[in-house]
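Chain by chain, the residues:
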Amino acid sequence: MENFDFYNPVNILFGKGKIAEINKHISKGAKILMTYGGGSIKKNGVYDQVVDALKGYEIIEFGGIEPNPHFETLMKAVEIVKSEKIDFLLAVGGGSVLDGTKFIAAATYFEGDAWDILAKRAPITKAVELGAVLTLAATGSEMNNGGVVTKAATKEKKAFGNPLLFPKFSVLDPETTYSLPKRQVTNGIVDAYVHVMEQYLTYPVNSPVQDRFAEGILLTLLEEGPKALASDTPDYENRANLMWAATMALNGLIGMGVKSDWATHMIGHELTAFHGIDHAVTLAIVLPGLLTQLKEKRSEKLLQYAERVWNITEGSDEEKKALAIDKTEAFFNQVGIKTRLSEHNVGQDSIDVIANRFEERGFVGMLPDVEVKDVAEILVSRL
């Protein structure tokens, strides 16, 4: 196992009715900016619960944060935070709202062009305090210090992170997910699954605790995901298990001491930036191609995945690896995601543009086994 430092200060408030407790975790007299997305929280009762919990606080609202939050939109919120002298940011929504709110927290005190936080990894030295009320189990943003923001003007989607951006607290009430359309439930399942895969399916470093944790999350998603989609009546325990699995998938724990790689995300971000394809859908498109491209280099962990997650014990090593990749894609299809670029009207022209962008940047993932030249081949295999 490799050396690591693990730090995660997020206070998780999990379960029914926990929104009512948020006032215990925000300083009395704080001026709050409540951020949210398209307004669904005003239809499903979450907004009313938050407002009731914050009686006595001065609250300003900022809605309209997009899926794949736009830099341009978030900078409008930054101006409000500055002009209104906001003390605390409360993100109410899914991963995009949380990611966007983290960026607002960082950009408020940043001197210079805030895009440099994303484009140049400029250091963040101060941030506005924030908390979260989660309404969509997917990204793990509720318990980590990172996020992703899109610049609409240039069609660029970039990640950022800093220890100052951990939420002070996050409320995880499974009942807030009951009103989600199945598309969003599906996206959350797949997003969490790929988060685990990119920390797990790389190279062995003798990390049995992390491996078993990762495999347990994958098996939970495989078991609980289809259940959530099979019924029109949400089940509390099912939604609770999915919510906690998505949080554990990217709160840092399973990535400690192991080799992680985010090439699937980096390639997927380009598909979202250029074509507006849902983030989780891009991951489901790219991952099978990437695993096929790297099946010899990552053979040991792929065979472990085949046996422990898919119970594949017969056949040659090549057959086991191929079947594990096929079963992974079949699972994505089972929960309702189309995993071929042609099914999303993406052709060779787009592949060329994306490949050229990586050529210019010279960066794909965190590990050197994914080279720039692999990007085009991975995407061509997904047509």
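Residues numbered from 1 in each chain as written. Predicted model: local features only at pLDDT ≥ 70, side-chain atom pairs only at ≥ 80, totals over all residues. Heavy atoms only, no water.

Engineer: It is not clear to me how the sheet that holds strand β3 (residues 58-62) should be interpreted in this structure. Could you clarify?
Structural biologist: Working definition: the strands of a sheet are paired by backbone hydrogen bonds and lie parallel or antiparallel to each other. Read from one edge to the other, the open sheet built from six strands follows the order β1-β8-β5-β4-β2-β3, with strand pairing classed as parallel. Taken across any chain shown, the strands that pair with only one partner, and hence form the sheet edges, are β1 (11-14) and β3. When the angles between neighbouring strand axes are averaged without regard to direction, this sheet yields 20°. Alignment of β1 against strand β8 (residues 169-172), held across four bridges, turns out to be parallel. Paired with Asn11 across the strands is Phe169, a residue of β8. Where helix α3 (residues 95-107) meets the sheet, it contacts β2 (31-35), β4 (88-93) and β5 (129-134), and its direction lies at approximately 165° from that of β4. Strands β1, β5 and β8 of the sheet are contacted by helix α7 (residues 236-249), whose axis makes an angle of about 170° with β1. (Pairing = 2+ DSSP bridges. Helix = DSSP H or I, 4+ residues; strand = E, 2+ residues; numbered from the N terminus. Axes fitted to C-alpha atoms, helices over the stretch in contact; angles between N-to-C directions. Contact = heavy atoms within 4.5 Å.)

Engineer: Help me understand a nonpolar patch on the surface in this model?
Structural biologist: A contiguous nonpolar patch, built from Met1, Phe4 and Phe6 and spanning about 310 Å² of accessible area, is present on the exposed surface. By the secondary structure assignment, Phe4 is in the segment before β1. Residue Phe4 is classed as partly exposed on the basis of its relative accessible area of 41%. (Patch = residues over 30% accessible without salt bridge, like charges linked within 9 Å, V, L, I, M, F, W, Y side chains within 5 Å. Areas by Shrake-Rupley, 256 points an atom, 1.4 Å probe, with all protein chains shown as cover. Salt bridge = Lys/Arg side-chain N within 4 Å of Asp/Glu carboxyl O. Buried < 20%, exposed > 50% of the residue type's maximum accessible area, 1.4 Å probe, protein only.)

Engineer: Help me understand unusual backbone geometry, please; the structure alone is not making it clear to me.
Structural biologist: If a residue is not glycine, its phi is most likely negative; likewise, a peptide bond is most likely trans. Of note in the backbone geometry, Lys85 takes a positive phi value of approximately 55° without being a glycine. Inspection of the secondary structure puts Lys85 in the loop between α2 (71-84) and β4. Residue classification places Lys85 among the exposed residues on the basis of a relative accessible area of 64%. The backbone of Asn311 shows a phi angle near 55°, a positive value even though the residue is not glycine.

Engineer: Please explain the packing of helix α5 (residues 182-200) against helix α8 (residues 263-275) as it appears in this structure.
Structural biologist: Two quantities define a packed helix pair, namely the angle between the helix axes and the distance between the axes. At a minimum axis distance of 9 Å, the contact between α5 and α8 shows a crossing angle of 135°. On the basis of the axis angle, α5 is oblique to α8. Here Asp191, Val194, His195 and Glu198 of α5 lie close against α8, whose contacting residues are Ala263, Thr264 and His265. Taken together, the residues of the contact of α5 with α8 break down into two nonpolar, three polar and two charged. (Parallel < 35°, antiparallel > 145°, perpendicular 65-115°, else oblique. Nonpolar A, V, L, I, M, F, W, Y, C, P; charged D, E, K, R; others polar.)

Engineer: Is there a simple way to think about the nonpolar core in this case?
Structural biologist: Taken as a class, soluble globular proteins show a tendency for nonpolar side chains to be buried jointly. Among the nonpolar cores identified, the biggest contains 100 residues, and Leu89, Phe103, Ile117, Tyr193, Tyr305, Trp310 and Leu379 are the most heavily contacted of them. Apart from residues lying up to four places away in sequence, Leu379 is in contact with Ile267, Leu271, Val286, Leu341, Ile351 and Ile354. Grouped together as the second largest cluster of nonpolar side chains are 21 residues, Ile32, Met34, Leu54 and Leu90 included. (Core = buried A, V, L, I, M, F, W, Y, C linked by side-chain atoms within 4.5 Å.)

Engineer: Honestly, the environment of Gly64 in this entry has me stumped. Any pointers?
Structural biologist: By the secondary structure assignment, Gly64 is in the loop between β3 and α2. Once you skip the residues sitting within four places of it in the chain, Gly64 turns out to touch Tyr36, Gly37 and Thr73.

Engineer: Which parts of the structure should I look at to understand the packing of aromatic side chains?
Structural biologist: The relative placement of two aromatic rings is captured by the distance of their centres and the angle of their planes. A complete count under the given rule lists ten aromatic pairs for this structure. Ring centres of Phe71 and Phe103 lie 5.8 Å apart, and the angle between their planes is 65°; this geometry places the pair in the edge-to-face category. Of this pair, Phe71 sits in helix α2 while Phe103 sits in helix α3; the two residues are 32 residues apart in sequence, bridging distant segments of the chain. The class of Phe71 is buried, set by a relative accessible area of 10%. One aromatic cluster is present, built from ring pairs that chain together Phe71, Phe103, Trp115 and Phe160. Against the face of Tyr236 rests Lys16, its NZ or CZ located 4.5 Å from the ring centre. (Phe/Tyr/Trp six-rings, centres within 6.5 Å; stacked < 30°, edge-to-face > 60°. Lys NZ or Arg CZ within 6 Å of the ring centre and 35° of its normal.)

Engineer: What should I look at first to understand helix α11 (residues 317-334) in this one?
Structural biologist: Structural remark: α-helix, 3.6 residues per turn; residues separated by three or four positions point the same way. With 18 residues, α11 extends 25 Å from end C-alpha to end C-alpha; this agrees with the ideal 26 Å at 1.5 Å per step. A positive phi of about 105° marks Gly336, the residue just after α11. (Expected span 1.5 Å × (residues − 1).)

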